[in-house]
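Overview (structure and organization)
Residue-level listing of the chains:
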Amino acid sequence: MTARRAPAVATHAPRDIKSPGSVGGKRRGKRADDLAGLPRERQYFLDIAGLNSQYGEGNWRIAYWHCHLGLEHSPEAAYVLETYTPVISVGPGHGLHAVPYGPRLLERSLLTASLGAFILFQKFFLAVPFYRLSMALGNLGVFLSRQTIDGWTVMLAETVFS
């Protein structure tokens, strides 16, 4: 009778399995998880008179809403501002057009004017280091890395102070 060996047990954690067609080692973002615990405020941006003058009255309809996220900061709390802008269907061919959202400090970013002002005030007026600023925002439920805060500070300083 031959003795059988038990199969070898892996001592390392299994690697992330990539979905077919994915490129590189990019992982799913953490933004939704980081913002899950914060309160939310919704606002809708819809200019009916402007849409009527641009596309004609009765010649457009809302296909769906696009959500723009921003992170607002007040001295006592932080919250997520959800701004919804319509994507409209126009004319007989029903072509889709996104209504532009107002000026942003940084495209596709959570940075808002109130959070940017808070970061610049803390950094340049109170001389708070980035690691303390990251910890202070973390206490409010906003988890931002020092690198993100640093990048926003450089971008804001270049635009504001130049």
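I will try to describe carefully the structure that is included in this document. This is a predicted model, so every value here is computed, not measured.

1. A few points about the environment of Phe143
With respect to the helices and strands, Phe143 occurs in the loop between helix H4 (130–139) and helix H5 (146–160). Sequence separation between Phe143 and Arg31 is 112 residues; the distance between their C-alpha atoms is 9.1 Å. In this structure Phe143 touches Asp34 and Gly138, once residues within four positions along its chain are discounted.

2. Quick notes on the environment of Val87
Mapped onto the fold, Val87 is located in strand S3 (residues 78–90). Given the relative accessible area of 7%, Val87 is considered buried. Linking Val87 and Ala63, residues 24 residues apart in sequence, is a C-alpha distance of 5.7 Å.

3. Let's talk about the side chain of Glu82
Looking at where Glu82 falls in the secondary structure, it is placed in strand S3. The contact partners of Glu82, leaving out residues within four places of it in the chain, are Arg40, Glu41, Arg42, Gln43, Cys67, His68 and Leu69.

4. Points about the packing of helix H3 (residues 113–125) against H4
For the pair H3 and H4, the least separation of the axes is 10 Å and the interaxial angle reads 140°. Classified by the angle between their axes, H3 and H4 sit oblique to one another. Helix-helix and strand crossings are classified by hand; for H3 and H4 the assignment is right-handed. Contacts from Leu115, Phe118, Ile119, Gln122 and Lys123 in H3 reach Phe130, Leu133 and Leu137 in H4. Split by residue class, the contact of H3 with H4 holds six nonpolar, one polar and one charged.

5. Observations regarding H4
Looking at H4, one finds that the buried residues are Phe130, Leu133, Ser134, Leu137 and Gly138. Around the axis of H4, the buried residues are gathered within 140° of arc, so they sit on the same side. Along H4, exposed side chains directed more than 90 degrees from the buried face belong to Met135 and Asn139. The secondary structure elements touched by the buried residues of H4 are strand S2 (60–73), H3 and H5. After H4 finishes, the residue Gly141 shows a positive phi value of roughly 100°.

6. Brief notes about the environment of Tyr84
Looking at the secondary structure, you find Tyr84 in strand S3. Separated by 3.3 Å, the side chains of Tyr84 and Glu82 make a polar contact.

7. Here we look at the nonpolar core
Among the nonpolar cores identified, the biggest contains 21 residues, and Leu71 and Leu115 are the most heavily contacted of them. Contributions of two or more residues to this core are made by S3, H3, H4 and H5. Excluding anything up to four places from it in sequence, Leu115 contacts Leu71, His73, Leu137, Leu144 and Trp152.

Cut-offs applied
- Residues numbered from 1 in each chain as written.
- Predicted model: local features only at pLDDT ≥ 70, side-chain atom pairs only at ≥ 80, totals over all residues.
- Heavy atoms only, no water.
- Helix = DSSP H or I, 4+ residues; strand = E, 2+ residues; numbered from the N terminus.
- Contact = heavy atoms within 4.5 Å.
- Buried < 20%, exposed > 50% of the residue type's maximum accessible area, 1.4 Å probe, protein only.
- Axes fitted to C-alpha atoms, helices over the stretch in contact; angles between N-to-C directions.
- Parallel < 35°, antiparallel > 145°, perpendicular 65-115°, else oblique.
- Left-handed = near helix turned anticlockwise from the far one by under 90°.
- Nonpolar A, V, L, I, M, F, W, Y, C, P; charged D, E, K, R; others polar.
- Arc of directions from axis to C-beta.
- Polar contact = N/O pair within 3.5 Å; in protein donor to acceptor, adjacent residues only side chain to side chain.
- Core = buried A, V, L, I, M, F, W, Y, C linked by side-chain atoms within 4.5 Å.

In short, geometric facts, not functional conclusions.
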